Amino acid sequence: MKRITAFLISAAVLLSLFVFSACENQSYTKSFFALNTFCTVTVDASDKAAADEIARKISEAEKVFSATRSDSELYKINKEGGGELSKELYSVLKRALEINALLPAFDPSLYNLTLLWGFGSEPSVPSEKDISDLLLHTGADKITLTDGAVTLSGGAMIDLGAIAKGYLSEAAKEILISHGVERAVVNLGGNVYIHGKKQSGADYKVGIKKPYTEEIVATVTGEDLFYVTSGSYERYFTENGKSYCHILDPKTGYPAESGLYSVTVISKDGTAADALSTAFFIMGAKASMEYIEKTGVCEAVFITEAKEIIITKGLKDCFTLLDSSYTLKD
Ligand code: ADP
Ligand code: MG
């Protein structure tokens, strides 16, 4: 038991969301590394087969969605400037373009910029000229999707890193349902899906990480929901005393600076939750809250650099602040 606790805590170092007492006695946790992140699936021991199938599905999905693996479908599409798409890649790319049309801050065409900044290898601040030159070759208008195929123009390259894990969380949910699983917690590097309730009948509590620490700042409860966090502290580097995070603002080509440490999106739609958390991180709390109030698309928790926490109305009864150095704004 001690080992499991230590393991879960070390997971929280890597993940921005943490689930308390994931499952009770006789649970089974499958841990694996996929999609460039640490993943866990926890189920009752009797549902081991479902957890194993999810791990297989997600590991195999790298061969579809990875922008870095030279044997992946997306890698080939980027290299060849387009081509025929599998059903899965087509549907996620289509969804990405639909979300971009609503929220341009989420932009699946920025892979060249991510490479220029060196995220995933040796990051450093590029020259202004290199950034502005590359910006000319990004944008959803460079991605043309027709029946089952895509064409990329101007050397643009696709990156589904801000949406694929959300889609795969939904695939995990389908596998849980097909196995008749009653309760489970799926955590794909900050994309958490909570399936059902604890054995005791209580709700699972999802902890939101206190920025740049291993502590929990607040908890949220709710079943059959996807919880996705995008945060500046997840992947970043520091140069000349300034921090640069891995989420890029498509307007400037520079890492987003919207005054947020993190945003957690909670929704019944896992794919949207992933893309929205990235978009909201770039847009900042005010514009994102306005969008949520107008559309009712999801619930969200914003943590600002001023140590304020802003939550959407629907979370009032299921949100608990644990850390008094942060203020919950009305
Ligand atoms: P994480 O991958 O850490 O869970 P996100 O879901 O926010 O966080 O996705 C960030 C990743 O998405 C980046 O590593 C990069 O590959 C890609 N990305 C960066 N900026 C954008 C953007 N504006 N729109 C869409 N994808 C982006
Ligand atoms: Mg995302």
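Q: What is the right way to look at the coordination of the magnesium ion (ligand 2) in this model?
A: Between any two of four tetrahedral donors, the ideal angle at the metal is 109.5 degrees; between two of six octahedral donors, it is 90 or 180 degrees. Protein-derived ligands of the magnesium ion (ligand 2) are Ala162 (O), Asp274 (O), Asp274 (OD) and Thr278 (OG1), with the metal-ligand distances lying across 2.1 to 2.7 Å. Binding-site remark: the magnesium ion (ligand 2) is held by donors from one chain whose sequence spacing is A-x111-D-x3-T. One end of the pair, Asp274, and the other, Thr278, are both in helix α8 (residues 270-283), 4 residues apart, so they sit about a helical turn from each other.

Q: Which parts of the structure should I look at to understand the site of ligand 1?
A: Asp107, Asp159, Ser230, Leu248 and Thr278 are the nearest of the 17 residues found near ligand 1. In the model, an oxygen atom of ligand 1 is placed 2.5 Å from a nitrogen or oxygen of the Asp159 side chain. The contact in question runs from a nitrogen atom of ligand 1 to an N or O atom on the backbone of Leu248, over 2.8 Å. The protein chains hide 95% of the 560 Å² of surface that ligand 1 would expose on its own. No other element matches the 3 residues that α8 contributes to the shell around ligand 1. Considered class by class, the residues forming the shell around ligand 1 number 8 nonpolar, 4 polar and 5 charged.

Q: Mind showing me how you'd approach the pairing of strand β16 (residues 308-311) here?
A: Note on strand geometry: in a regular strand, side chains alternate between the two faces of the sheet. Taken together, the 3 bridges between strand β15 (residues 299-304) and β16 define a ladder with antiparallel strand orientation. Looking at β16, one finds that Phe302 is bridged to Ile310. Where β15 folds back on β16, the antiparallel hairpin that results is connected by 3 residues, among which Lys307 adopts a positive phi of roughly 65 degrees. Inspection of the sheet shows β16 paired to strand β18 (residues 327-328) by 2 bridges, in the parallel sense. Within β18, the residue paired with Ile309 across the bridge is Leu328.

About the criteria used
- Residues numbered from 1 in each chain as written.
- Chains lettered and ligands numbered in written order.
- Predicted model: local features only at pLDDT ≥ 70, side-chain atom pairs only at ≥ 80, totals over all residues.
- Heavy atoms only, no water.
- Donors = N, O, S within 2.8 Å, 3.2 Å for Na, K, Ca; no water.
- Helix = DSSP H or I, 4+ residues; strand = E, 2+ residues; numbered from the N terminus.
- Near = heavy atom within 4 Å.
- Polar contact = N/O pair within 3.5 Å; in protein donor to acceptor, adjacent residues only side chain to side chain.
- Areas by Shrake-Rupley, 256 points an atom, 1.4 Å probe, with all protein chains shown as cover.
- Nonpolar A, V, L, I, M, F, W, Y, C, P; charged D, E, K, R; others polar.
- Pairing = 2+ DSSP bridges.

That's the geometry; what it means functionally is another story.
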